[in-house]
Amino acid sequence: ATAFAIWRNYQNSAQLRSQLANFDVMNVDCSSDFDRECIHDAIITWYGSLEAFSEHVRGPFSQEVLNLIRVGGSLSSHYIVLPLCPLL
């Protein structure tokens, strides 16, 4: 059971690293075109462009999340909400 837990944790960590490294806001699904447009407009207002937001998620946000995982810290909800703050 312990070996499986370690393997599962590694799989999840590798998947998270891949998702963060390849994040592109243009590939995120929205429930409607209206929602997508509103979210994109808010991102552009706060980050300057959709690409700048994607770069932020792939760069500084990704590093912060991976550093927390590396040191055994847990992700608090504010780290999950952080990239969305400009939208709120």
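Quick summary incoming for the structure in this document. (Residues numbered from 1 in each chain as written. Predicted model: local features only at pLDDT ≥ 70, side-chain atom pairs only at ≥ 80, totals over all residues. Heavy atoms only, no water.)

### A closer look at the nonpolar core
Most often, soluble globular proteins have nonpolar side chains that are buried together. Counting nine residues, the largest nonpolar core consists of Leu20, Val25, Ile43, Leu50, Phe53, Val57, Phe61, Val65 and Leu66. When residues of this core are assigned to their parent elements, the largest contribution, six residues, is made by helix α3 (residues 50–70). If sequence neighbours within four positions are ignored, Leu50 has contacts with Val25, Met26, His40, Ile43 and Ile44. (Core = buried A, V, L, I, M, F, W, Y, C linked by side-chain atoms within 4.5 Å. Buried < 20%, exposed > 50% of the residue type's maximum accessible area, 1.4 Å probe, protein only. Helix = DSSP H or I, 4+ residues; strand = E, 2+ residues; numbered from the N terminus. Contact = heavy atoms within 4.5 Å.)

### Comments concerning the pattern of salt bridges
This model, assessed by the stated rule, comprises one salt bridge. Salt-bridge contacts for Glu51 lead to Arg58; the nearest nitrogen and oxygen are separated by 2.6 Å. (Salt bridge = Lys/Arg side-chain N within 4 Å of Asp/Glu carboxyl O.)

### Topic: helix α2 (residues 33–47)
In this model α2 runs 21 Å from its N-terminal to its C-terminal C-alpha over 15 residues, within 8% of the 21 Å that 1.5 Å per residue would give. Listed in full, the buried residues belonging to α2 are His40, Ala42 and Ile43. What you see down the axis of α2 is that its buried residues fit within an arc of 165 degrees, all on one side. Seen from the buried face of α2, the exposed residues on the opposite side, beyond 90 degrees, are Asp33, Phe34, Glu37 and Thr45. The inward-facing, buried residues of α2 abut α3. Positive backbone phi, approximately 95 degrees, marks Gly48, located one or two places after α2. (Expected span 1.5 Å × (residues − 1). Arc of directions from axis to C-beta.)

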